[in-house]
Amino acid sequence: MNALAATNRNFKLASRLLGLDSKLEKSLLIPFREIKVECTIPKDDGTLASFVGFRVQHDNARGPMKGGIRYHPEVDPDEVNALAQLMTWKTAVANIPYGGAKGGIGCDPRQLSLSELERLTRVFTQKIHDLIGVSTDVPAPDMGTNAQTMAWILDEYAKFHGYSPAVVTGKPIDLGGSLGREAATGRGVLFATEALLNEHGKSIAGQRFVVQGFGNVGSWAAQLISENGGKVVAVSDISGAIKNSKGIDIPSLLKHSVANRGVKGFSGADPIDPNSILVEDCDVLIPAALGGVINRENANEIKAKFIVEAANHPTDPEADEILSKKGVTILPDIYANSGGVTVSYFEWVQNIQGFMWDEEKVNNELRTYMTNGFKDVKEMCRTHNCDLRMGAFTLGVNRVARATVLRGWEA
């Protein structure tokens, strides 16, 4: 089941639990605005190249729309629609004053030079500058984009609207980016996992963790978990997978993976088949790579008692059912990986105030938001007698629906 179908299914189940009016339900699903623009740039060799850029702005009932911009060859409108909708529910679950959006350009950033990427980003910004803004729609980095991309958008936007650092988040620190943003999603995963384990009378210390994916999110999560006494017993990334049942030395692994572009060949652990990473023996499994990795083929083999979804949509609905029958507790992506967007919100707040926080304040505020978020999700689970995924979806959908009705959607 693809991301759009799964998101729509979860939304429909949540709206049924909440007893939403069918007209309101339909209105909440339809995006506020879809933008599609042509971006033509001169390449370094003098030839012209055209790319399609777009932005789906899903909902703004609770505040400006928020979501990433990805540069990827297969930027599929359906997927972007699903991700924009998911951002609407995610910001509502996190209880930050945003709606959802997502966008991107269909291009392969690895095939473009730095100056071509800059020209492409600037042309895209010229085409959408009047449709984004501090109180309208605030983009952020995503797959294939980074802090530098945001710096170019900021600069191009400023040519039309004057200096406004809050128009994008995930910026370089020197241009108003927030301290703690780099580690935010991984740190959010740590706080979410802590809240979940505390609920079950356990703590991070002494639990065995498996982390699939060692990019930004996975590597930070692994590092912070091991700092808090958790034992990371297996890790995988694009290069391969490794295991050490006594616990992997994460600081050494981080050095190794930077030097060798991956975890493969790390001397402090044994190589294993990357396909077996999800079914390794552990207490907590953290999928932090791609979507759809836990499916009906492997769900029966999973030995973890808890799954914390650091990636977007890693668990297929079919796997969800198999795992819940096995008594596995799944902490859903819509809550578990919301640390990134929460610290993006802190960055936006700091830019608007023109007053920057130190890293300790950022991390303390993030802990507060993640802890309160878990309590709110659990409250919905009790009210509607449902699992954590539906608890999170009903929480998000209910907040957006209430805001929509209060603002007068029928007028």
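For the structure itself, consult the block above.
For clarity, every value in this text was computed on a predicted model and none was experimentally measured. (Residues numbered from 1 in each chain as written. Predicted model: local features only at pLDDT ≥ 70, side-chain atom pairs only at ≥ 80, totals over all residues. Heavy atoms only, no water.)

**Here we look at the overall build of the chain**
A count of helices and strands for the chain gives 13 helices and 12 strands. Relative to the globule expectation of 22 Å for 411 residues, the C-alpha radius of gyration of the chain, 21 Å, shows essentially globular dimensions. For the chain, the spread of C-alpha atoms along the principal axes amounts to about 55 × 55 × 40 Å. Looking at the chain as a whole, 58% of its 411 residues are labelled buried. (Helix = DSSP H or I, 4+ residues; strand = E, 2+ residues; numbered from the N terminus. Rg over C-alpha atoms; globule rule 2.2 N^0.38 Å. Buried < 20%, exposed > 50% of the residue type's maximum accessible area, 1.4 Å probe, protein only.)

**Quick look at the pattern of salt bridges**
Pairing between side chains of opposite charge can happen when their charged atoms approach one another. For the structure shown, the criterion picks out 26 salt bridges. Ionic pairing is found between Glu156 and Arg122, a salt bridge with its closest N-O pair at 2.8 Å. Here Glu156 is found in helix α5 (residues 147-161), whereas its partner Arg122 is found in helix α4 (residues 114-128), with 34 residues between them in sequence. Residue Glu156 shares its accessibility class with Arg122, and that shared class is buried. In this structure, Lys305 engages Asp283 in a salt bridge whose closest nitrogen and oxygen atoms are separated by 2.8 Å. Here Lys305 is found in the loop between β10 (284-287) and β11 (306-308), whereas its partner Asp283 is found in the loop between β9 (270-272) and β10, with 22 residues between them in sequence. Here the residues in one salt-bridge network are Glu118, Arg122, Asp155, Glu156 and Lys159, joined through shared partners. (Salt bridge = Lys/Arg side-chain N within 4 Å of Asp/Glu carboxyl O.)

**A few points about the sheet that holds strand β8 (residues 240-243)**
What the 7 strands build is an open sheet, ordered β9-β8-β7-β6-β10-β11-β12; its pairing is mixed. Every other strand in the sheet has two partners, leaving β9 and β12 (329-331) as the edge strands with one partner each. With direction set aside, neighbouring strand axes in the sheet form an average angle of 20°. In this structure, strand β7 (residues 231-237) lies alongside β8, joined through 4 bridges in antiparallel fashion. Across the sheet, the residue bridging to Ser236 is Ala241, located in β8. (Pairing = 2+ DSSP bridges. Axes fitted to C-alpha atoms, helices over the stretch in contact; angles between N-to-C directions.)

**Examining helix α11 (residues 339-353)**
Think of an α-helix as 3.6 residues a turn; residues three or four steps apart then line up on the same face. Taking 1.5 Å per residue, 15 residues should reach 21 Å; α11 reaches 21 Å between its end C-alpha atoms and fits that length. Burial analysis of α11 places 13 of its 15 residues in the buried class, which makes it a mostly covered element. (Expected span 1.5 Å × (residues − 1).)

**What about the environment of Asn385?**
Tracing the chain through its elements places Asn385 in the loop between α12 (359-384) and α13 (388-407). Note: C-alpha distance between Asn385 and Leu17 (368 residues apart in sequence) is 9.6 Å.

**A word on the side chain of Ser219**
Mapping Ser219 onto the fold places it in helix α7 (residues 216-227). Polar contacts involving the side chain of Ser219 include one to the main-chain carbonyl oxygen of Asn216, which spans 3.3 Å. Non-local contacts of Ser219, meaning those with residues more than four positions away in its chain, are made with Phe214 and Leu254. (Polar contact = N/O pair within 3.5 Å; in protein donor to acceptor, adjacent residues only side chain to side chain. Contact = heavy atoms within 4.5 Å.)

**Some thoughts on helix α1 (residues 3-18)**
The end-to-end C-alpha distance of α1 is 22 Å, a good match for the 22 Å that 16 residues give at a rise of 1.5 Å each. When α1 is considered as a whole, its buried residues turn out to be Ala3, Leu4, Ala6, Thr7, Asn10, Phe11, Ala14 and Ser15. Down the axis, α1 shows its buried residues gathered within 165° of arc, on one side only. Looking at the buried residues of α1, the elements they touch are α2 (22-29), α3 (77-93), α9 (317-326) and α13. A positive backbone phi angle near 65° is found at Gly19, which sits one or two residues after α1. (Arc of directions from axis to C-beta.)

**Observations regarding the packing of helix α6 (residues 184-199) against α7**
Contact geometry of α6 with α7 gives a least axis separation of 7 Å together with a crossing angle of 45°. As the angle between them shows, α6 and α7 are arranged oblique. In terms of crossing hand, the pair formed by α6 and α7 is right-handed. Taken together, the residues of α7 that come into contact with α6 (itself represented by Thr185, Gly186, Arg187, Val189 and Leu190) are Val217, Trp220, Ala221, Leu224 and Ile225. (Parallel < 35°, antiparallel > 145°, perpendicular 65-115°, else oblique. Left-handed = near helix turned anticlockwise from the far one by under 90°.)

**Some thoughts on the sheet that holds strand β4 (residues 99-106)**
Sheet strands associate in pairs through backbone hydrogen bonding, adopting either a parallel or an antiparallel arrangement. Pairing is mixed in the open sheet, where 5 strands are placed in the order β1-β2-β4-β3-β5. Only two strands of the sheet have a single partner each, and these edge strands are β1 (33-42) and β5 (137-141). The mean inter-strand angle of the sheet, taken between neighbouring strand axes irrespective of direction, is 20°. The pairing of β1 with strand β2 (residues 48-59) spans 10 bridges and is classified as antiparallel. Along β2, the bridge assignment pairs Glu34 with Val56.

**Structural notes on the state of the cysteines**
Applying the stated criterion across every chain yields a total of 0 disulfides. Sulfur of Cys39: no disulfide; nearest cysteine sulfur belongs to Cys107 and is 9.3 Å away. Cysteine Cys386 is unpaired, with the sulfur of Cys381 as its nearest cysteine sulfur at 4.7 Å. Here Cys386 falls in the buried class, since its relative accessible area comes to 18%. (Disulfide = S-S within 2.5 Å.)

**Notes on unusual backbone geometry**
Of note in this structure, Asn95 is not a glycine but carries a positive phi near 60°. The topology assignment puts Asn95 in the loop between α3 and β4. Overall, Asn95 belongs to the partly exposed group, its relative accessible area being 40%. In this structure, Arg261 is a non-glycine residue whose phi angle is positive, near 50°. Residue placement: Arg261 occurs in the loop between α8 (250-260) and β9.

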